[in-house]
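Reading the structure
Residues per chain are reported as follows:
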Amino acid sequence: MHRREQQRRRIQRLEAILEIAGQWNQTLEMEALLHQMAETSTKLLGTERASIFLWDRPNKMLVGRPALGVEGGELRIPDSSGVVGQVIESGEPRRIDVEHGQEEIDRRVDKQLGYKTETLLCVPLRAKSGELFGAFEMINKTGEDLNFTQEDEEALVELAGHAAIALENTQQWERL
C-alpha cells in the first residue's frame, strides 16, 4: 500500500509539473517567467520561498530572482557563496535539514533580508547542451515535516529541467 501511495503521489506530481511547464513555455518575458516559476514551485513543493539563480560567469556572480525582501527584487552573491555556490561548483543537488548542514547556509544573506532559512533544497539548472547555467532553490518547507524529502528533490530536479527549457526559450525570444 505504501508503494502504491508513492506511485499515486508521483503521478499527481508529474501531472502538475507538465501543466506548470506548459504555462511556463507560453511566457515570453523573463521577469514574468521567473515570478511564475517561484510562485508555482512554492505551491507545488509547499515552501515559503523560491529563487532562481542565473550564473554570471564572467563576473563570478549568481543573480537570484525573484528575491523577496530585496530592493529591486534581485539578489547578487558570489558564485562560491553558500549552498547555491556548492550546487554551482559540484553540479549536484543539495538538501539542508533542520538538524544537518545548517553551517553551510550563508547567514549573511539571511541577515541582509531579515529572514531565517531553516531548510533548503537547491538543484542545478542545465541548458539543453548540458551546460550548467544556474540553480533553482527552495527555502523553508512548510507543513508537518519541515525537512525536504527525496521525493521533493526528485520533483525539483524534474521542475528544474522544464524551467531550464523555458528560460532558454525566453532568452532566445528576447534576443530576437
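Residues numbered from 1 in each chain as written. Predicted model: local features only at pLDDT ≥ 70, side-chain atom pairs only at ≥ 80, totals over all residues. Heavy atoms only, no water.

Some details on empty space enclosed by the protein
Applying the stated rule across the entire model yields one cavity of 30 Å³ or more. Within this model, the largest cavity holds a volume of roughly 280 Å³. Those elements that place two or more of their residues in the lining of the largest cavity are β1 (47-56), β3 (75-78), α3 (82-90), α4 (107-113) and β6 (132-141). Among the elements that make up the lining of the largest cavity, the one with the highest residue count is β1 (four residues). Here the residues of the lining of the largest cavity are counted per class, giving 15 nonpolar, four polar and four charged. (1 Å grid on protein atoms, 1.4 Å probe; cavity = no way out; pocket = protein on both sides within 12 Å on 5 of 7 lines; lining within 4 Å. Points joined across faces, edges and corners; volume = space filled by probe spheres on them. Helix = DSSP H or I, 4+ residues; strand = E, 2+ residues; numbered from the N terminus. Nonpolar A, V, L, I, M, F, W, Y, C, P; charged D, E, K, R; others polar.)

Re the sheet that holds β1
Taken together, six strands build an open sheet; the order of strands is β3-β2-β1-β6-β5-β4 and the sheet is antiparallel. Either end of the sheet is taken by a strand with one partner, and the two such strands are β3 and β4 (94-96). Averaged over all pairs of adjacent strands, the angle between their axes in this sheet comes to 25 degrees, without regard to strand direction. Two elements, strand β2 (residues 61-65) and β3, share four bridges in a ladder whose sense is antiparallel. Opposite Val 63, over in β3, you have Arg 76 as the bridge partner. On the sheet, helix α2 (residues 30-45) packs against β1, β2 and β6 and is oriented at approximately 140 degrees with respect to β1. Across the sheet, α3 is in contact with β1, β2, β3, β4, β5 (120-126) and β6; its angle to β6 comes to roughly 145 degrees. (Pairing = 2+ DSSP bridges. Axes fitted to C-alpha atoms, helices over the stretch in contact; angles between N-to-C directions. Contact = heavy atoms within 4.5 Å.)

Structural notes on the layout of surface pockets
Quantified by volume, the largest pocket comes out at close to 170 Å³. Residue lining of the largest pocket: Arg 9, Gln 12, Arg 13, Leu 44, Leu 45, Thr 149, Glu 151, Asp 152 and Ala 155, and that is the complete set. Broken down by secondary-structure element, the contributors of at least two residues to the lining of the largest pocket are α1 (2-24), α2 and α5 (150-175).

A look at the pairing of β6
Burial analysis of β6 places ten of its ten residues in the buried class, which makes it a mostly covered element. Taken together, the seven bridges between β1 and β6 define a ladder with antiparallel strand orientation. By the bridge assignment for β6, Ser 51 is matched with Glu 137. Two elements, β5 and β6, share seven bridges in a ladder whose sense is antiparallel. Within β6, the position partnered with Val 123 by the bridge is Phe 136. Between β5 and β6, which follow one another and run antiparallel, lie five residues, and Gly 130 among them has a positive phi close to 100 degrees. (Buried < 20%, exposed > 50% of the residue type's maximum accessible area, 1.4 Å probe, protein only.)

Topic: the pattern of salt bridges
Following the criterion strictly, the structure yields 16 salt bridges and no others. Here Arg 76 and Glu 74 are joined by a salt bridge, their closest N and O atoms 3.1 Å apart. Lys 141 is the salt-bridge partner of Asp 152, the closest N and O atoms lying 3.3 Å from each other. Taken together, the residues span a long stretch of sequence, with Asp 152 in helix α5 and Lys 141 in strand β6 at a distance of eleven residues. Classification of Asp 152 by relative accessible area gives buried; the value is 9%. Judged by relative accessible area, Lys 141 falls into the buried class, the value being 15%. Sharing partners across several salt bridges, the network here consists of Glu 5, Arg 8, Arg 9, Arg 10, Arg 13, Glu 151 and Glu 158. (Salt bridge = Lys/Arg side-chain N within 4 Å of Asp/Glu carboxyl O.)

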